[in-house]
Amino acid sequence: MLVLALDTSSPAVTAGVVVVGGETVVLAERSIVAPRGHGELLTPAVAECLAEAGVAATELGAIVAGVGPGPFTGLRVGLVTAAALAHALDVPAYAVCSLDAIAARCTDEPALLVATDARRREVYWARYANGVRQGDVRVDRPDDVPSDGLTAVAGAPLFDRPGLRRRPEEYPSPISLATLARDRIESGALADPLTPMYLRRPDAVVPGAPKTVSQ
């Protein structure tokens, strides 16, 4: 099956056309690092991938989207695009945790930390054993992230500790996103809700009632 994989949870705008079934193969992919360019770059990246793969959008059988965690604006671009494409093409959309997709490229690591930029001098992080997440995804300041027992770290180069090897995998890849959704794709599972993993409340607050000014 032809699958379009997207992720905008990080500074990278990631898109790719992947064949899922038998061997999972990438036909075309783009990963453009542009922290404030998700809205402008994602649609052209999708069009370029489809053209390079020689695939019409109507031939796609599913959409896979990284649901974060990630900053609100960039993450929303990818999820809105994925949902719109799935609706227009009448195909299912499947959700993948973006940190899991980074860890899926590091299945040889028995004690891995994946950390990505959460802004506000914080990181989103989770621990993995051979690509399998151990516990929940969290958001903390780098100094508050426990590193006991870890041997390597992947993701944004904002988290480094003495003794931890730095892995080169910084962002989710189309093939890792598609691989993590493969069982659902091949079984024809119902579409997932593309619910973003924000992990914390937005900065904006609902304004209160106006104050009464006495005369």
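Shown above is the structure to which this text applies.
Keep in mind the model is a prediction, meaning the values are calculated, not measured.

Conventions we followed
- Residues numbered from 1 in each chain as written.
- Predicted model: local features only at pLDDT ≥ 70, side-chain atom pairs only at ≥ 80, totals over all residues.
- Heavy atoms only, no water.
- Helix = DSSP H or I, 4+ residues; strand = E, 2+ residues; numbered from the N terminus.
- Expected span 1.5 Å × (residues − 1).
- Contact = heavy atoms within 4.5 Å.
- Pairing = 2+ DSSP bridges.
- Axes fitted to C-alpha atoms, helices over the stretch in contact; angles between N-to-C directions.
- 1 Å grid on protein atoms, 1.4 Å probe; cavity = no way out; pocket = protein on both sides within 12 Å on 5 of 7 lines; lining within 4 Å.
- Points joined across faces, edges and corners; volume = space filled by probe spheres on them.
- Nonpolar A, V, L, I, M, F, W, Y, C, P; charged D, E, K, R; others polar.

Draft legend 1. Just helix α2 (residues 72–89), in detail. In a regular helix each residue adds 1.5 Å, so 18 residues correspond to 26 Å; α2 covers 26 Å between its end C-alpha atoms and thus fits that length. On its buried face, α2 sits against β1 (2–7), α1 (38–53), β4 (62–66) and β5 (93–96). Positive backbone phi, at 60°, marks aspartate 90, one or two positions downstream of α2.

Draft legend 2. Structural detail: the sheet that holds strand β8 (residues 132–140). Pairing is mixed in the open sheet, where 5 strands are placed in the order β8-β7-β6-β9-β10. Either end of the sheet is taken by a strand with one partner, and the two such strands are β8 and β10 (165–166). The pairing of strand β6 (residues 112–119) with strand β7 (residues 122–129) spans 7 bridges and is classified as antiparallel. Counterpart to threonine 116 in the pairing with β7 is tyrosine 124.

Draft legend 3. Quick peek at the sheet that holds β5. Strand order in the open sheet formed by 5 strands is β3-β2-β1-β4-β5, with mixed pairing between adjacent strands. A strand with exactly one partner marks an edge of an open sheet, and here the two such strands are β3 (25–33) and β5. Taking each pair of neighbouring strands and ignoring which way they run, the sheet shows an average axis angle of 15°. Pairing analysis gives 4 bridges linking β1 to β4, with the strands arranged parallel.

Draft legend 4. Summary view of empty space enclosed by the protein. For the structure shown, the criterion picks out 1 cavity of 30 Å³ or more. Its boundaries defined by the atoms lining it, the largest cavity holds a volume of some 40 Å³. Looking at the largest cavity, the residues that line it are Ser9, Ser10, Pro69, Ser98, Leu99, Ile102, Thr116 and Pro172. Among the elements that make up the lining of the largest cavity, the one with the highest residue count is helix α3 (residues 98–103) (3 residues). Taken together, the residues of the lining of the largest cavity sort by class into 4 nonpolar, 4 polar and no charged.

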